[in-house]
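Examination of the molecular architecture
Now for the letters of each chain:
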Amino acid sequence: MNAHSIPDKELVAIILYISLFFIIVAVALIIFFYFSRKKIIQKELEKIDLIVRYQKEQLHAVIITQEEERKRIAQDLHDDISSKLNIVSLNSHLLTAPNLTEAETSEITENIIALTTKALDNSRKIAHNLLPPVFEKFGLNAAIEELCEEFESSKSVKTHYKNEIDFDDKDIDRHLHVFRILQELMNNSLRHGKATEIWIAFTNKEGVNICDYEDNGLGFDSKSDQNQKGLGMKNIDSRISFLEGTIKITSEINNGVIVHFNF
């Protein structure tokens, strides 16, 4: 036996130590990867949970908005249509009364015609608010032009509308969401922002449709969570989500509102 050779016992011990070292490293790697994977899965689950929660919030906002819209329509029907038709009914019964003079008959008839005309006008307005006929017949561009004209007819706001997109009539369902977003933004500008000017511009960049909206109203603190979570904003967010787009709202108090969204 060579004097410099390692004794069998020491060789076995070295092999055992090396084996033990590799086993410890392997176990450590397995534990590391296990906990890393567990952490990744946990993060993914948290992400999915956030998405589900966000979708629930969006759905809740849509349901609330629909209920509010139903209440408003029911109120309009009750106040503008039912009340007038009730008076028409009463006047019609008056016509059956005996010994009516020609003047009385003429006055009652005129009342019936006037009330019927008002009821018809109001029913058209209600139907128009639900879905403007021009939208169905001529598409989004014409509907926005008409919307701007309606706002300008109040004489309290001036609108500036530019469009560089040739909207496809096949996308009418998607376009209705774009129209409702603009309706909401314009109502907010007028009602809350007291704006006197509104700018709307549609462009297409690298195949993505973009809308830039701006007003010169009172503005608000866009960094405040409270302002971002209003019913109107949740309604807009749910529509943007449906369009698979993004939206950015920038505003400061007394400095108007700037909105940029794509769809």
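Up top is the structure.
The sections below set out a description of the structure shown in this document.

This paragraph deals with the nonpolar core. Ile200, Phe202 and Phe261 are the most contacted members of the largest nonpolar core, which totals 32 residues. Contributions of two or more residues to this core are made by helix H3 (133–138), helix H4 (140–152), helix H5 (172–191), strand E2 (197–205), strand E3 (208–215), helix H7 (231–242) and strand E5 (257–262). With 7 residues, H4 is the largest single contributor of residues to this core. If near-sequence neighbours (up to four positions away) are discounted, Ile200 is found in contact with Cys148, His160, Tyr161, Lys162, Leu182, Met186, Cys211, Asp212 and Tyr213.

With that out of the way, let us pick up the pairing of E5. Direction of pairing for E3 relative to E5: antiparallel, over a ladder of 6 bridges. Residue pairing in the sheet places Asp212 in a bridge with His260 of E5. Relative to E5, strand E4 (residues 247–251) is paired through 5 bridges, and the arrangement is antiparallel. Among the inter-strand pairings, Ile247 is bridged to a residue of E5, identified as Phe261. In sequence, E4 turns back onto E5 through a hairpin of 5 residues, with Asn254 there showing a positive phi of about 65°.

Glancing now at helix H2 (residues 102–130). The first and last C-alpha atoms of H2 sit 42 Å apart over 29 residues, in line with the 42 Å expected at 1.5 Å per residue. Residues of H2 that are buried include every one of Ile108, Ile112, Leu115, Ala119, Asn122, Ile126 and His128, and no others.

Quick look at the pattern of salt bridges now. Between side chains of opposite charge, a pair can form as their charged atoms come close. Counted by the stated rule, this structure contains 1 salt bridge. The shortest N-O distance in the salt bridge between Glu152 and Lys158 comes to 3.8 Å. The partly exposed category is assigned to Glu152, whose relative accessible area is 26%.

Considering all chains together, one arrives at 8 aromatic pairs under this definition. With a centroid separation of 5.5 Å and 65° between ring planes, the pair formed by Phe32 and Phe33 is classed as edge-to-face. Exposure class is identical for Phe32 and Phe33. Each is exposed. Site record: aromatic cluster; members linked through ring pairs are Tyr161, Phe167, Phe202, Phe261 and Phe263.

This part covers the pairing of E2. Where strand E1 (residues 158–163) meets E2, 6 bridges bridge the pair, whose relative direction is parallel. For His160, the partnering residue across the bridge sits in E2 and is Trp199. Pairing analysis gives 8 bridges linking E2 to E3, with the strands arranged antiparallel. Its bridge partner being in E3, Lys205 is matched across the sheet by Val208. The antiparallel hairpin formed by E2 and E3 contains 2 residues in its connecting segment, where Glu206 sits at a positive phi of about 55°.

Criteria and cut-off values
- Residues numbered from 1 in each chain as written.
- Predicted model: local features only at pLDDT ≥ 70, side-chain atom pairs only at ≥ 80, totals over all residues.
- Heavy atoms only, no water.
- Core = buried A, V, L, I, M, F, W, Y, C linked by side-chain atoms within 4.5 Å.
- Buried < 20%, exposed > 50% of the residue type's maximum accessible area, 1.4 Å probe, protein only.
- Helix = DSSP H or I, 4+ residues; strand = E, 2+ residues; numbered from the N terminus.
- Contact = heavy atoms within 4.5 Å.
- Pairing = 2+ DSSP bridges.
- Expected span 1.5 Å × (residues − 1).
- Salt bridge = Lys/Arg side-chain N within 4 Å of Asp/Glu carboxyl O.
- Phe/Tyr/Trp six-rings, centres within 6.5 Å; stacked < 30°, edge-to-face > 60°.

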